[in-house]
Amino acid sequence: MNLRPLLRDLSAILGPEHRGALRAYLVWATVFGGLQGVAAALMVPVLRGLLAGEVGDALSWLAVMAVVVLATCVANYVQAMKGFAVAIVALTTMHERVGDHVSELPVGWFTGEKVGRLSRIVTSGTVMVGGLFAHLLTPLLAGAVTPVAIAAVTFFFDWRLAVAMLVCAPLLAWVFSWCARLVGRGDELSDTAAVSAANRVVEFARHQRTLRAFGRGSDGHRPLEDAITEQHRVGRKALWMAVPGILGGGLATQFAFTVLIVVGVLLALGGSVDPVALVAVLALAARFTGPLAELSELSGAVRMAHNDVRRITEVLREEPLPEPVATTIGERPGEIEFDHVDFGYDEDRPVLRDVTFTVPPRTMTALVGASGSGKTTVTRLIARFWDVDSGTVRVGGTDVRDQRTEDLVGQIAMVFQDVYLFDDTLEANILAGRPDATTEEVRAAGRLAGVEEIVGRLPDGWATRVGEGGTSLSGGERQRVSIARAIVKNAPVVLLDEATAALDTENERYVRAAMRALTERSTVLVIAHRLPTVVAADQIVVLDGGAVAQVGTHEELIVADGRYAAFWHERDRARGWRLAAG
Ligand SMILES: Nc1ncnc2c1ncn2[C@@H]1O[C@H](COP(=O)(O)OP(=O)(O)OP(=O)(O)O)[C@@H](O)[C@H]1O
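Since the model is a prediction, treat every value here as computed from it, not as a measurement.

Engineer: Can you help me understand the overall build of the chain in this one?
Structural biologist: What the chain contains, in helices and strands, is 19 helices and ten strands. Counting over 582 residues, the chain shows a buried share of 47%. Partitioning the contacts of the chain with sequence separation of at least 6, the portion at a separation of at least 24 is 76%. Put simply, the chain shows about 28100 Å² of open surface, and 60% of that area lies on carbon and sulfur atoms.

In structure tokens:
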């Protein structure tokens with residue numbers, strides 16, 4: 001079994017600073033395996049001396065054996081301690097390394113499948129890496145090195161037996177590797193099914209409200225049932241694949257043992273080994289195949305562990321968005337500029353085509369267009385959730401790719417439609433916009449966005465917890481908190497996805513006032529769904545099929561008899577456009 005890929009992956013997980021410790025552990029585990037083999041092989045002269053009645057000779061060999069056994073114990077202790085230390089390092093640094101790495105990956109990486117896998121590797125994967133050092137690697141190395149050492153020492157006592165041992169080795173290696181491959185393939189299959197089932201469980205739990213609204217809360221959720229059935233099917237298949245793997249290793253070891261005994265007996269019958277030595281040889285054959293039997297049992301488990309390790313390193317090898325060493329400071333704070341931007345989430349499906357427009361500082365631009373025309377995508381490119389395929393997106397006069405992530409997001413406040421609030425107090429949720437804001441600033445933002453009015457109604461006031469995702473607030477109230485968060489951030493650029501759902505008059509009033517306040521000090525790009533917002537905008541950008549169809553003010557666009565005017569005149573009958581009057 002080739003251990004090199006596993007060791008390479010483990011080394012990647014530990015990082016360059018701990019590679020020396022891994023190497024030291026491996027050296028000591030190998031030394032331990034070698035000494036164990038030498039100690040076992042020394043049994044031959046000891047037994048031969050004893051059985052032949054040459055006590056003095058036997059005692060001398062016994063003394064040598066005692067020294068080697070002592071050295072074996074020391075090596076075992078050192079390798080165990082080094083393995084333990086490396087396991088601790090792996091456990092403590094792995095979460096950090098994976099966490100730091102994924103935080104630099106493009107947002108597009110976080111698909112449902114990847115998130116499910118990520119959660120699996122940081123839970124069961126971490127435990128497995130710890131266990132790998134504790135229970136698998138040492139017996140595996142010893143299982144491989146000990147028989148080799150036994151064979152090497154046997155050369156000094158009987159070269160024919162040593163040759164028989166060495167002939168068995170490649171056969172055993174091939175069988176073990178075949179068995180491990182079978183077990184590993186089964187494990188890969190069941191892992192994919194397990195990730196899919198775990199994703200469906202999360203979906204089932206998360207979207208209970210929607211499912212119940214359609215009467216599917218208690219009588220099951222078809223995709224979940226299918227995923228669980230598939231997981232059971234694949235689990236059974238993996239088990240059947242593992243059976244020949246497990247049996248094959250054991251059989252091969254027994255075969256090697258039989259070969260050694262037959263060779264020993266033939267040598268004794270031929271008179272080249274005396275019957276006394278034969279007893280020692282048989283004992284050695286048992287010692288030779290013992291570690292191999294263990295190796296065969298472990299090879300499948302190691303392959304499964306390697307699958308887990310590989311999944312972790314695959315995440316660590318994902319390319320992060322390239323970051324500049326330092327941010328180039330732009331000369332036009334607050335300005336947003338799209339310069340001939342082409343972009344698609346998938347290579348073969350363009351979403352934005354040659355998009356060019358500028359949002360001057362401290363003005364409000366309304367982005368309008370049919371569903372799927374690319375409005376949300378425009379805002380995602382400004383925050384550099386993805387990189388453009390060609391062209392340039394500039395914020396503050398500088399290409400977003402020439403700005404460090406923290407500098408770029410520091411300039412931008414985002415208000416999404418599906419507002420997510422943390423399971424914390426109202427005050428803490430607003431403070432999340434700028435953790436060093438003062439209480440007065442939080443309260444002032446809350447007043448402007450209408451959060452103060454919510455606070456007045458709640459028994460615990462500002463200290464009221466909002467529940468996971470903000471579920472104890474209404475949709476309109478959540479949006480008010482999220483706007484307050486953006487106000488307190490005081491960012492030069494605000495990206496706002498206006499609510500499509502009708503807000504009650506009170507929510508509407510607060511949202512409008514807050515938007516006015518935001519426009520006074522920031523550049524606001526709003527995905528507009530409401531006519532008052534569009535009419536009040538300094539500029540309207542009309543997107544059509546991913547391209548800019550028109551740019552202008554409401555009056556200009558009404559006069560220019562184009563896409564916007566057509567919508568305006570036919571808005572009651574328009575289907576794709578989501579502008580709602582009032
Ligand atoms: N993460 C994604 N991966 C692949 N394709 C996507 C992704 N997000 C959006 N798209 C596709 O990109 C196109 C533009 O989507 P976008 O969300 O930008 O449109 P939109 O104008 O904001 O639509 P809506 O008003 O319905 O929100 C759509 O065809 C959509 O299916």
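Engineer: Looking at this structure, I do not really get the packing of aromatic side chains. What am I missing?
Structural biologist: Two aromatic rings are characterised by how far apart their centres lie and by the angle between their planes. Tallied over the entire structure, the rule returns three aromatic pairs. Taking 5.0 Å as the distance between ring centres and 10° as the angle between the ring planes, the aromatic pair formed by F338 and F357 counts as stacked. Note that F338 is positioned in strand 1 (residues 336-343) and F357 in strand 2 (residues 352-359), a separation of 19 residues in sequence. Take F338 and F357: they sit in the same class, and that class is buried. Between F343 and Y345, the aromatic rings sit 5.0 Å apart at their centres with planes inclined by 80°, giving edge-to-face as the arrangement. An aromatic cluster of at least three residues, connected via ring pairs, comprises F343, Y345 and W386.

Engineer: Before we go on, may I ask you to explain a nonpolar patch on the surface in this structure?
Structural biologist: On the surface, a cluster of nonpolar side chains totalling about 660 Å² of accessible area is made up of F155, F156, W159, V163, L166 and V167. When residues of the nonpolar patch are traced back to their parent elements, those giving at least two are helix 5 (112-157) and helix 6 (159-206). Here the nonpolar patch gets four residues from one element, more than from any other, and that element is helix 6. Relative to the assigned elements, F155 resides in helix 5.

Engineer: What is the right way to read the site of the ligand from this model?
Structural biologist: In the vicinity of the ligand, 13 residues are found, and the nearest of them are S371, G372, K375, T376 and T377. At a separation of 3.2 Å, an oxygen atom of the ligand approaches a polar backbone atom of S373. At a separation of 3.1 Å, a nitrogen atom of the ligand approaches a polar side-chain atom of R380. Calculation on the ligand without its partners gives an accessible area of 630 Å², and the protein chains cover 66% of this total. Of the residues assigned to the shell around the ligand, the class counts are three nonpolar, six polar and four charged.

Engineer: How do you make sense of the nonpolar core when you look at a structure like this?
Structural biologist: Counting residues in each nonpolar core, the largest one holds 58 residues, and the members touching the most others are L10, V129 and F133. Mapped by element, the contributors of at least two residues to this core are helix 1 (4-14), helix 2 (19-41), helix 4 (55-102), helix 5, helix 6, helix 8 (222-269) and helix 9 (275-317). Residue contributions to this core peak at 14 residues, all from helix 9. Setting aside residues up to four positions removed in sequence, L10 forms contacts with L22, V129, L132, F133, L137 and V309.

Engineer: What is the right way to look at the sheet that holds strand 9 (residues 539-544) in this model?
Structural biologist: Pairing between the strands of a sheet comes from backbone hydrogen bonds, and it takes one of two forms, parallel or antiparallel. Taken in spatial order, the six strands of this open sheet run 6-7-8-3-9-10, and their pairing is mixed. Both outer strands of the open sheet, strand 6 (412-415) and strand 10 (547-552), are each paired with one neighbouring strand and no more. Pairwise comparison of adjacent strand axes, ignoring direction, gives a mean angle of 20° for this sheet. Pairing between strand 7 (residues 493-497) and strand 8 (residues 523-527): five bridges, direction parallel. Within strand 8, the position partnered with D497 by the bridge is I527. Contacting strand 3 (364-369), strand 6, strand 7, strand 8 and strand 9, helix 10 (residues 375-382) runs over the sheet at an angle of about 145° to strand 8.

Engineer: For this particular structure, what's the right way to read the pairing of strand 1?
Structural biologist: For a regular strand, the rule is simple: side chains alternate between the two faces of the sheet. Taken together, the five bridges between strand 1 and strand 2 define a ladder with antiparallel strand orientation. Looking across to strand 2, one finds that E337 is bridged to T358. Sheet topology note: the strand 1/strand 4 (residues 390-395) ladder contains five bridges and is antiparallel. Its bridge partner lying in strand 4, D342 is registered against S390.

Engineer: Just to check I follow, could you spell out the packing of helix 6 against helix 9 for this structure?
Structural biologist: A pair of packed helices can be characterised by two numbers: the angle between their axes and the separation between those axes. Relative orientation of the contacting elements helix 6 and helix 9 amounts to 25°, with a least axis distance of 8 Å. In this view, helix 6 runs roughly parallel relative to helix 9, as classed from their interaxial angle. As helix 6 runs across helix 9, the sense of the crossing is right-handed. Classifying every residue of the contact of helix 6 with helix 9 gives twelve nonpolar, five polar and seven charged.

Engineer: Help me understand the environment of L495 in this model?
Structural biologist: Summarising the element assignment, L495 is placed in strand 7. For L495, a relative accessible area of 3% corresponds to the buried category. When the C-alpha positions of L495 and T523 are compared, they lie 8.5 Å apart, and in sequence the two are 28 residues distant.

Calculation rules
- Residues numbered from 1 in each chain as written.
- Predicted model: local features only at pLDDT ≥ 70, side-chain atom pairs only at ≥ 80, totals over all residues.
- Heavy atoms only, no water.
- Helix = DSSP H or I, 4+ residues; strand = E, 2+ residues; numbered from the N terminus.
- Buried < 20%, exposed > 50% of the residue type's maximum accessible area, 1.4 Å probe, protein only.
- Contact = heavy atoms within 4.5 Å.
- Areas by Shrake-Rupley, 256 points an atom, 1.4 Å probe, with all protein chains shown as cover.
- Phe/Tyr/Trp six-rings, centres within 6.5 Å; stacked < 30°, edge-to-face > 60°.
- Patch = residues over 30% accessible without salt bridge, like charges linked within 9 Å, V, L, I, M, F, W, Y side chains within 5 Å.
- Salt bridge = Lys/Arg side-chain N within 4 Å of Asp/Glu carboxyl O.
- Near = heavy atom within 4 Å.
- Polar contact = N/O pair within 3.5 Å; in protein donor to acceptor, adjacent residues only side chain to side chain.
- Nonpolar A, V, L, I, M, F, W, Y, C, P; charged D, E, K, R; others polar.
- Core = buried A, V, L, I, M, F, W, Y, C linked by side-chain atoms within 4.5 Å.
- Pairing = 2+ DSSP bridges.
- Axes fitted to C-alpha atoms, helices over the stretch in contact; angles between N-to-C directions.
- Parallel < 35°, antiparallel > 145°, perpendicular 65-115°, else oblique.
- Left-handed = near helix turned anticlockwise from the far one by under 90°.

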